[in-house]
Amino acid sequence: MKISVIGAGYLGTVHAATLASMGHHVIGLDTDAARIETLARGAAPFHEPGLAELLQDGHSSGRLTFSTDPARLADADVHFLCVGTPQSRTGNDTDLSFLLSAVSALLPHVRPGAVVVGKSTVPVGTAAIVAQMLLDTGAALAWNPEFLRQGTAVQDSLAPDRLVYGVPSDAKGTQACSMLDVVYAPLLARGTPRLVTNFATAELIKVSANAFLALKLSYVNAVGQLCEQVGADVVQLSQALGLDERIGGRYFHAGVGFGGGCLPKDLRSFRAQAHRNGVESLDEMLSLVDGINADARYHTAEAAVRLCGGSVRGRAITVLGATFKPNTDDIRDSPALDVASQLAAQGAHVTVTDPQAGDHVWLQYPQLTFQSDVSLALRGADMVLLLTQWPQFLSLDPALTAALVQRPVMLDGRNALDAAAWQAAGWEYHGIGRGQVLAKNVPSAGLSQAAA
């Protein structure tokens, strides 16, 4: 099948590459000529595990091409809208200008019988606007929300946990479903669940899922603050709660909070939609979640100040991690860089190290020093903060690391290190929400052998 993907950002690039790997002929479109030039060579413009190989394979096979010319899309059977829908600069609402511009550019080149498919995360009611724009083209519209997670996006595309088709209840809806079944035939053949909904339901699924995840993360962070006050250990507590199948242990770890380009803006978009439709209880609840997340960053920076005796002025602090999560080079709304910037603003000499984000940190955070070599970044540090759980940092040898720093003080903002091992190597170890239970005479958190 001939498919176009409009928007060659994170979502569009991954979607185009994975569709080509399924055997379709795909053309990606974007207005960013430099990015298109990179993609046209079969190179990845950002870090995502497995993506570079898919792009090169699509380029070599001829199934995947890229262009800045909308006219190149005219013979496509299906057009996917994958442009960015960022948070508005003036409030919590979503900025739809990129999406609507993309649809306008597509209109002269979409043929009758084609299907236009929205994948971008949008407020409820957006599909109705796009359908009105397409009314005179003879094309059908579907909304097919994406559920990609950065760091595992290729796997999420090739083995999704569900496919959602938002379509109208008419002949065009039936046509759209049939075409999407052809697009996703390899996934459906492997048993991927397929849900058909109306437009409004499809528009709400992704944003409500992200808001629920944000709620879960903020809940355990709020509980972690109580644990610190009463001497409990949030790691052991969340582990016990996670064994309850009604709650589950995934994404249930206290720490410095969430960030990135999706979760925060989707949470705020959902708030705006709830407020606009008079559901004040949902708006208020999500406002509290947003506030707890911001407080988790402040709380981490405050803990670092306390561990430096009440002031970080003149202190050499090393931050392990710059990206909002591991296995990406994305630093948008990064909790790690937020905390690092707070400490730098209080007079600390902050050195950040990260396996992938160097160029971005150099350009956007001149108040921070970036060092790609972890050993050099650690040398002479008065304190170390683990703020992104890259495998390279989790595998650091505590004894060898202690020999590099000035003061062996570790603030584990992700509760990801083996506390007992670091303490045994002479480190003053502090987790988030772990109270006083990490004294050397208390066992570290973890399932007992019997429980495991």
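In case you missed it, the structure is sitting above this.
Residues numbered from 1 in each chain as written. Predicted model: local features only at pLDDT ≥ 70, side-chain atom pairs only at ≥ 80, totals over all residues. Heavy atoms only, no water.

Brief notes about the overall build of the protein
- Counting secondary structure elements, the protein contains 18 helices and 14 strands.
- Relative to the 2.2 N^0.38 estimate, which gives 22 Å for 452 residues, the radius of gyration of the protein is 24 Å and therefore close to what a compact globule would have.
- In terms of its C-alpha atoms, the protein occupies a principal-axis envelope of roughly 70 × 45 × 45 Å.
- Taken over 452 residues, the protein has a buried fraction of 51%.
- Across the protein, the fraction of contacts at a sequence separation of at least 24, relative to all contacts at a separation of at least 6, is 72%.
- Of the roughly 19,200 Å² of accessible surface on the protein, a fraction of 55% belongs to carbon and sulfur atoms.
- If the 32 positive side-chain charges of the protein are averaged to one point and the 41 negative ones to another, these points end up 1 Å apart. (Helix = DSSP H or I, 4+ residues; strand = E, 2+ residues; numbered from the N terminus. Rg over C-alpha atoms; globule rule 2.2 N^0.38 Å. Buried < 20%, exposed > 50% of the residue type's maximum accessible area, 1.4 Å probe, protein only. Contact = heavy atoms within 4.5 Å. Areas by Shrake-Rupley, 256 points an atom, 1.4 Å probe, with all protein chains shown as cover. Lys, Arg positive; Asp, Glu negative; His and termini not counted. Charge placed at Lys NZ, Arg CZ, Asp CG, Glu CD.)

Digging into the sheet that holds strand 9 (residues 316-320)
- Strand order in the open sheet made by the six strands is 11-10-9-12-13-14, with parallel pairing throughout. In the strand order of this sheet, the two ends are held by strand 11 (369-370) and strand 14 (428-431), each with one partner.
- Inspection of the sheet shows strand 12 (residues 383-386) paired to strand 13 (residues 409-412) by three bridges, in the parallel sense. In the strand pairing of strand 13, L385 is matched with L411.
- Docked against the sheet, helix 13 (residues 335-345) engages strand 9, strand 10 (349-353) and strand 12, running at close to 160° with respect to strand 10. (Pairing = 2+ DSSP bridges. Axes fitted to C-alpha atoms, helices over the stretch in contact; angles between N-to-C directions.)

Observations concerning empty space enclosed by the protein
- On inspection of all chains with the given rule, the structure shows one cavity of 30 Å³ or more.
- Counted as a void, the largest cavity has a volume near 50 Å³.
- Every residue along the wall of the largest cavity is listed here: N221, G224, Q225, E228, G255, A296, H299, I432 and G433.
- For the lining of the largest cavity, the secondary structure elements donating two or more residues are helix 9 (199-230) and helix 12 (280-307).
- For the lining of the largest cavity, the leading source of residues is helix 9, giving four residues. (1 Å grid on protein atoms, 1.4 Å probe; cavity = no way out; pocket = protein on both sides within 12 Å on 5 of 7 lines; lining within 4 Å. Points joined across faces, edges and corners; volume = space filled by probe spheres on them.)

Examining the environment of L387
- Here L387 is to be found in the loop between strand 12 and helix 16 (391-394).
- Residues L387 and V339, spaced 48 residues apart in sequence, show a C-alpha to C-alpha distance of 8.6 Å.
- If we ignore the near neighbours within four places in the chain, the residues touching L387 are V256, T300, V319, L320, A336, V339, G413 and R414.

Examining the environment of K216
- If you trace the backbone, K216 turns up in helix 9.
- Owing to a relative accessible area of 17%, K216 belongs among the buried residues under this scheme.
- Spatially, the C-alpha atom of K216 lies 20 Å from that of A336, the residues being 120 residues apart in sequence.
- Those residues within four positions of K216 in sequence are excluded, and the remaining contacts are I247, G248, R250, Y251 and F252.

Overview of helix 10 (residues 234-242)
- Of the residues making up helix 10, those classed as buried are V234, S238 and G242. Down the axis, helix 10 shows its buried residues gathered within 70° of arc, on one side only.
- Among the structural elements, helix 9 are those in contact with the buried residues of helix 10.
- Capping the start of helix 10, D233 holds a side-chain oxygen 2.9 Å from the backbone nitrogen of V235, two or three residues further along. (Arc of directions from axis to C-beta. Polar contact = N/O pair within 3.5 Å; in protein donor to acceptor, adjacent residues only side chain to side chain.)

A closer look at the packing of helix 11 (residues 263-276) against helix 12
- Orientation of helix 11 relative to helix 12, taken along the N-to-C sense of each, is 155°, at an axis distance of 8 Å. Here helix 12 runs roughly antiparallel to helix 11, going by the angle between their axes. The hand of the helix 11/helix 12 crossing is left-handed. On helix 12, the residues that touch L267, R268, F270, R271, A274 and H275 of helix 11 are E280, L282, D283, L286, S287, V289 and D290. (Parallel < 35°, antiparallel > 145°, perpendicular 65-115°, else oblique. Left-handed = near helix turned anticlockwise from the far one by under 90°.)

Description of the packing of helix 9 against helix 10
- Viewed as axis vectors pointing N to C, helix 9 and helix 10 meet at an angle of 135°, and their least axial separation amounts to 9 Å. Viewed along their axes, helix 9 and helix 10 adopt a mutual orientation that is oblique. Crossing angle aside, the handedness with which helix 9 passes helix 10 is right-handed. From helix 9, V220, V223, G224 and C227 reach across to helix 10, where they touch V234, L237 and S238.
- Here the contact of helix 9 with helix 10 is built from residues that sort into five nonpolar, two polar and no charged. (Nonpolar A, V, L, I, M, F, W, Y, C, P; charged D, E, K, R; others polar.)

A few points about helix 12
- Over its 28 residues, helix 12 extends 40 Å from the first C-alpha to the last, a length consistent with the 40 Å expected when each residue adds 1.5 Å.
- Following helix 12 by one or two positions, G309 adopts a phi angle in the positive range, close to 80°. (Expected span 1.5 Å × (residues − 1).)

Focus on the side chain of T300
- Relative to the helices and strands, T300 resides in helix 12.
- A distance of 2.9 Å separates the side chain of T300 from the backbone oxygen of A296, its partner in a polar contact.
- Non-local contacts of T300, meaning those with residues more than four positions away in its chain, are made with V256, V339, L387, L411 and I432.

Some words on unusual backbone geometry
- We note that N327 has phi near 65°; this positive angle belongs to a residue other than glycine.
- Take N327: it is sitting in the loop between strand 9 and helix 13.
- With a phi close to 50°, N415 is a non-glycine residue in the positive phi region.
- Along the chain, N415 falls in the loop between strand 13 and helix 18 (419-424).
- Residue classification places N415 among the buried positions, given a relative accessible area of 15%.

Structural notes on the nonpolar core
- Counting residues in hydrophobic clusters, the biggest one holds 40 residues, and the most contacted among them are I3, V5, L19, V26, L64, F80 and Y184.
- Top element by residues in this core is helix 1 (residues 10-21). It accounts for seven residues.
- Counting 32 residues, the second largest nonpolar core, distinct from the first, contains A303, I317, L385 and L387. (Core = buried A, V, L, I, M, F, W, Y, C linked by side-chain atoms within 4.5 Å.)

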